[in-house]
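# Examination of the molecular architecture
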Amino acid sequence: MTTSNTTIPLTSRKPLRLRMVEHPGRQPLDGGWWPHSRDLTTELADLVDNFPAEHGRIVRVGFSPPDWDDAPRRVPTARGYVKVGFDPQDDTHVVVLTTSDRKDLCVLVVPPDLSRAKGDKALLAAVTPRYASSPAALLMAVRESPDVDDGERGDDEGEAWWGSDTAPSYRNLT
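What counts and what doesn't
- Within each chain, residues carry numbers counting from 1 in the order of the written sequence.
- In keeping with the predicted nature of the model, local features appear solely for residues at pLDDT of at least 70, side-chain atom pairs appear and are counted solely at 80 or more, and the whole-chain, interface and lining totals rest on all residues.
- The basis for every side-chain value is the complete set of non-hydrogen atoms in the structure, without hydrogens or water.
- A strand pair is defined by DSSP finding two or more bridges across the two strands.
- Elements are defined by DSSP. Helices are runs of H or I of four residues or more, strands are runs of E of two residues or more, and each kind is numbered from the N terminus.
- Axis definition: a line fit to C-alpha positions, over the contact stretch in the case of helices; interaxial angles, taken between N-to-C directions, run 0 to 180 degrees.
- When checking whether two residues touch, look at their non-hydrogen atoms; a contact exists if any pair is within 4.5 Å.
- Every residue is assigned a pLDDT by the predictor, reflecting its confidence on a scale from 0 to 100.
- We call a residue buried when its accessible area falls under 20% of the maximum for its residue type, exposed when it is over 50%, and partly exposed in between, using a 1.4 Å probe and counting protein chains only.
- Here the arc refers to the directions that run from the helix axis out to each C-beta atom.
- Two rings from Phe, Tyr or Trp (for Trp, the six-membered ring) form a pair when their centres sit within 6.5 Å of each other. Planes less than 30 degrees apart are called stacked, planes more than 60 degrees apart edge-to-face, and all others tilted.
- By definition here, charges over rings are those cases where NZ of Lys or CZ of Arg is within 6 Å of the ring centre and within 35 degrees of the ring normal.

### Considering the sheet that holds strand β5 (residues 80-86)
- Across the sheet, which stays open at both edges, the seven strands sit in the order β1-β2-β7-β6-β3-β5-β4 with mixed pairing between neighbours. Looking along the sheet, the strands with just one partner apiece sit at the ends: β1 (18-20) and β4 (74-77). The mean inter-strand angle of the sheet, taken between neighbouring strand axes irrespective of direction, is 25 degrees.
- Across five bridges, strand β6 (residues 94-99) lies against strand β7 (residues 104-109) in antiparallel orientation. If you follow Leu97 over to β7, its bridge partner there is Leu105.
- Contacting β1, β2 (31-33) and β7, helix α2 (residues 116-126) crosses the sheet at an angle of about 155 degrees to β2.

Quick look at the structure:
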């Protein structure tokens, strides 16, 4: 059996589904990432290689094991390897991205099996203040919400559709 350490060429990958807050560090979550699969090696290489430059260069990643089918220690990217780690007890549904300038960005991992409408809702919820009390609660609220396009949603009179709980910080969980 032969294995390969090469990543999938970017030309064969779908667009990166990532939404980041304008000012990281001010909210419990700094963004949301909706990978296309549960293959952390492939998805993380894509995230690192296409991460917005204004947020820094990713050099290390902490992840939540239940979200992924593999658990690599390092991932090959266009610029070399990125260190990867996890806590076996972590089920926070986030990745903590450490940048080259030592900033930790806490990003929600949106399950790849969500419909387009629900995936988009989860990405929006991750960057909007006043969402559910945890990433797990946010994802549960999204899964239980009606599966409609944004154009079909009615006026919410300024209230967030996923509730008005104040979320705690998840930065120290991985």
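### Points about the confidence of the model for the protein chain
- In the predicted model, the protein chain carries a mean pLDDT of 83, and 76% of its residues have values of at least 70.
- Across residues 1-11, where pLDDT falls below 50, the model places eight contacts with residues more than four positions away in sequence or in other chains.
- Under a pLDDT of 50 for its full length, residues 152-174 has, in the predicted model, 56 contacts with residues more than four places off or in other chains.

### Things to note about helix α3 (residues 135-144)
- For α3, the set of buried residues is Pro135, Leu138, Leu139 and Val142. Along the axis of α3, the buried residues cluster in a sector spanning 95 degrees; they form a single face.
- For α3, the secondary structure elements touched by its buried residues are β6, β7 and α2.

### Brief notes about the packing of aromatic side chains
- By the definition in use, this model includes two aromatic pairs.
- Between the aromatic rings of Phe63 and Phe86, the centroid separation amounts to 5.1 Å while the plane-to-plane angle is 45 degrees, which identifies the pairing as tilted. Of this pair, Phe63 sits in strand β3 (residues 58-63) while Phe86 is found in strand β5, placing the two residues 23 residues apart along the sequence.
- Take Phe63: its relative accessible area is 1%, and that puts it in the buried class.
- When its relative accessible area of 32% is taken as the criterion, Phe86 is described as partly exposed.
- A cation sits over an aromatic face here: Arg17 above Trp34, 3.6 Å from the ring centre.
- The ring centre of Tyr81 lies 3.8 Å from the NZ or CZ of Arg74, which sits over that ring.

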